[in-house]
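Fold and geometry: a report
These are the residues of each chain, in order.
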Amino acid sequence: MLLDGKKVSKIILEEVKEKVSKMDKKPHLAVIIVGDDPASKIYVRNKKRTAESVGIKSTVVELPEDTTEETLLNELNKLNNDDDVTAILVQMPLPKQINQEHIICAINPKKDVDCFTPENVGRLAIGLKPYFNPVTPQGILLLLDHYDVPIEGKHAVIIGRSNIVGKPMARMLLKRNATVTVCHSKTKNLAEIIKTADIIISAVGKKVVRCKMVKYKSVFVDVGISRDTNGKLTGDLNWEVDFDNFDDVTEYFERVSPVPGGVGPMTIASLMLNSLNIN
Ligand code: GUN
């Protein structure tokens, strides 16, 4: 009863590879990374490796931690104006001296593979097609659709209101005719709300949800990534508290996505799918 992101992402990547092989102009994904954040470095390495495995050209621009906003804007503009580059991703977070909003606003919306720019976010908000769909929310919808999880008319509860996951997820689920509730750190009655959810999407990075807080046979999508006391990757769902073993947990849910092996690989596959768009 798992939402197996590892398996579904492989299927998507095969499709992407097939499509790229038939394209005359090959997509070219450029990634800018500033500084030495270890998690960001791993993400960027995975993106580059995956792009190359499906035939998408990739360039990584690595800038030092003390890069100024002006230098980053110059590098970004070179990519904006490079006709060979079809998609641009600026890895977040950025060092403190750089204003993230200034950078996001400077990305050419037609190359904004993350759907971060005001133009693309605004398009999504008013129901117009953005040039690229938000990457993680699109990956989650592809995962739910693969397993035929019904969305229309269902109550979807999102925990977390970030610009990367929570807010765009809400907009995309509304477009699919779900009833959407967005919860966050100031929500007072989180437990009561999630008990009413058919689909729960948790993107917090802390173990905020216990299995038995949710309705029996609901669908749980775990977007959280953190490390437990043993350094092992773990999500927002506290599997250990309510049950003795894995089978009990998976039987309790209609579907549940594991960490790792759930949303993570879907996000990369979704990015590759977006990279096929040449605008
Ligand atoms: N940092 C963490 N997730 C993301 C993402 O989806 N896109 C970018 N650009 N940076 C991130």
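Everything discussed here concerns the structure shown above.
As the structure is a prediction and not an experimental result, all values here were calculated from the model.

Description of the site of the ligand
Around the ligand lies a shell formed by Leu89, Val90, Gln91, Met92, Asp114, Phe116 and Ile164. Taking Gln91, its side chain carries an N or O atom lying 3.2 Å from a nitrogen atom of the ligand. In the environment of the ligand, a nitrogen atom lies 2.9 Å from a nitrogen or oxygen atom belonging to the backbone of Met92. Burial of the ligand by the protein chains amounts to 81% of its free accessible area of 280 Å². The residue makeup of the shell around the ligand, split by class, is five nonpolar, one polar and one charged.

Regarding the pattern of salt bridges
Close approach of charged atoms lets side chains of opposite charge pair. Inspection of the entire model under this criterion finds nine salt bridges. Across the pair Glu18 and Lys22 runs a salt bridge, and its minimum N-O distance is 2.9 Å. Taking relative accessible area as the criterion, Lys22 reaches 63% and is therefore assigned exposed.

Let's talk about the packing of helix H1 (residues 5-21) against helix H11 (residues 263-275)
Where H1 meets H11, the closest approach of the two axes is 8 Å, and the angle between their N-to-C directions is 15 degrees. In this view, H1 runs roughly parallel relative to H11, as classed from their interaxial angle. Viewed along their axes, H1 and H11 form a crossing whose handedness is left-handed. Residues Gly5, Lys6, Val8, Ser9, Ile12, Leu13 and Val16 of H1 lie in contact with H11, whose contacting residues are Pro265, Met266, Ala269, Met272 and Leu273. Across the contact of H1 with H11, the residue classes tally to nine nonpolar, two polar and one charged.

What counts and how
- Residues numbered from 1 in each chain as written.
- Predicted model: local features only at pLDDT ≥ 70, side-chain atom pairs only at ≥ 80, totals over all residues.
- Heavy atoms only, no water.
- Near = heavy atom within 4 Å.
- Polar contact = N/O pair within 3.5 Å; in protein donor to acceptor, adjacent residues only side chain to side chain.
- Areas by Shrake-Rupley, 256 points an atom, 1.4 Å probe, with all protein chains shown as cover.
- Nonpolar A, V, L, I, M, F, W, Y, C, P; charged D, E, K, R; others polar.
- Salt bridge = Lys/Arg side-chain N within 4 Å of Asp/Glu carboxyl O.
- Buried < 20%, exposed > 50% of the residue type's maximum accessible area, 1.4 Å probe, protein only.
- Axes fitted to C-alpha atoms, helices over the stretch in contact; angles between N-to-C directions.
- Helix = DSSP H or I, 4+ residues; strand = E, 2+ residues; numbered from the N terminus.
- Parallel < 35°, antiparallel > 145°, perpendicular 65-115°, else oblique.
- Left-handed = near helix turned anticlockwise from the far one by under 90°.
- Contact = heavy atoms within 4.5 Å.

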